[in-house]
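Results of the structural survey
Here is what each chain is made of, one letter per residue.
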Amino acid sequence: LKRIKGIGPKLEVLCNSLGFFHFDQIAGWTAAELAWVDSNLEGFKGRATRDQWVEQAKLLATGGETEFSKRVDKGKVY
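Computed from a predicted structure; not experimentally measured. (Residues numbered from 1 in each chain as written. Predicted model: local features only at pLDDT ≥ 70, side-chain atom pairs only at ≥ 80, totals over all residues. Heavy atoms only, no water.)

1. With respect to the overall build of the chain
Along the chain, the regular secondary structure elements total 6 helices and 0 strands. The N-to-C order of helical and strand elements in the chain reads α-α-α-α-α-α. Residue burial in the chain is summarised as follows: out of 78 residues, 40% are buried. In the chain, once contacts between residues fewer than 6 apart in sequence are set aside, the share between residues at least 24 apart is 50%. (Helix = DSSP H or I, 4+ residues; strand = E, 2+ residues; numbered from the N terminus. Buried < 20%, exposed > 50% of the residue type's maximum accessible area, 1.4 Å probe, protein only. Contact = heavy atoms within 4.5 Å.)

2. Some details on a positive patch on the surface
Taken together, K5, R71, K74 and K76 make up a surface patch of like positive charges. Here K76 lies in the segment after α6 (67-73). (Patch = residues over 30% accessible without salt bridge, like charges linked within 9 Å, V, L, I, M, F, W, Y side chains within 5 Å. Areas by Shrake-Rupley, 256 points an atom, 1.4 Å probe, with all protein chains shown as cover. Salt bridge = Lys/Arg side-chain N within 4 Å of Asp/Glu carboxyl O. Lys, Arg positive; Asp, Glu negative; His and termini not counted. Charge placed at Lys NZ, Arg CZ, Asp CG, Glu CD.)

3. Focus on the packing of aromatic side chains
Tallied over the full model, the rule gives 2 aromatic pairs. On the numbers, 4.9 Å between centres and 70° between planes, the contact of F20 with W29 is edge-to-face. Accessibility assignment for this pair places F20 and W29 in one class, buried. Ring centres of F68 and Y78 lie 6.5 Å apart, and the angle between their planes is 85°; on these two criteria the pair is classed as edge-to-face. Of this pair, F68 sits in helix α6 while Y78 sits in the segment after α6, and the two are 10 residues apart along the sequence. Relative accessible area serves as the criterion here: at 11%, F68 is assigned to the buried category. (Phe/Tyr/Trp six-rings, centres within 6.5 Å; stacked < 30°, edge-to-face > 60°.)

4. Regarding the pattern of salt bridges
Under the counting rule described, the total for this entry stands at 4 salt bridges. As a salt-bridge pair, K2 and E12 come within 3.1 Å of each other at their nearest N and O atoms. Here K2 is found in the segment before α1 (9-17), whereas its partner E12 is found in helix α1, with 10 residues between them in sequence. Classification of E12 by relative accessible area gives buried; the value is 18%. Residue R47 pairs with D51 through a salt bridge whose shortest N-O separation is 2.6 Å. For D51, a relative accessible area of 24% puts it in the partly exposed group.

5. Overview of helix α3 (residues 31-40)
By the burial criterion, the buried members of α3 are L34, V37 and D38. Each buried residue of α3 lies within a common arc of 100° when the element is viewed along its axis, so the set occupies one face. Residues of α3 that are buried sit in contact with α4 (47-50) and α5 (53-61). (Arc of directions from axis to C-beta.)

What follows is the structure, encoded as structure tokens:
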């Protein structure tokens, strides 16, 4: 999940605790699910919407890349 811009190590652990482990899970969020996640990201409320996690996850779930995910893959992040 850290290949999504806005999800670092701490948020990845938080997402995992909420039951999210894969890009396709995030890619399939409805507006209501996104709102629920945003409200339950303790210390990071609203982050999923602000950083467009669903849009990024849709691209990554289909094998695509973002500029951020390329940087992560090259070891330039984290």
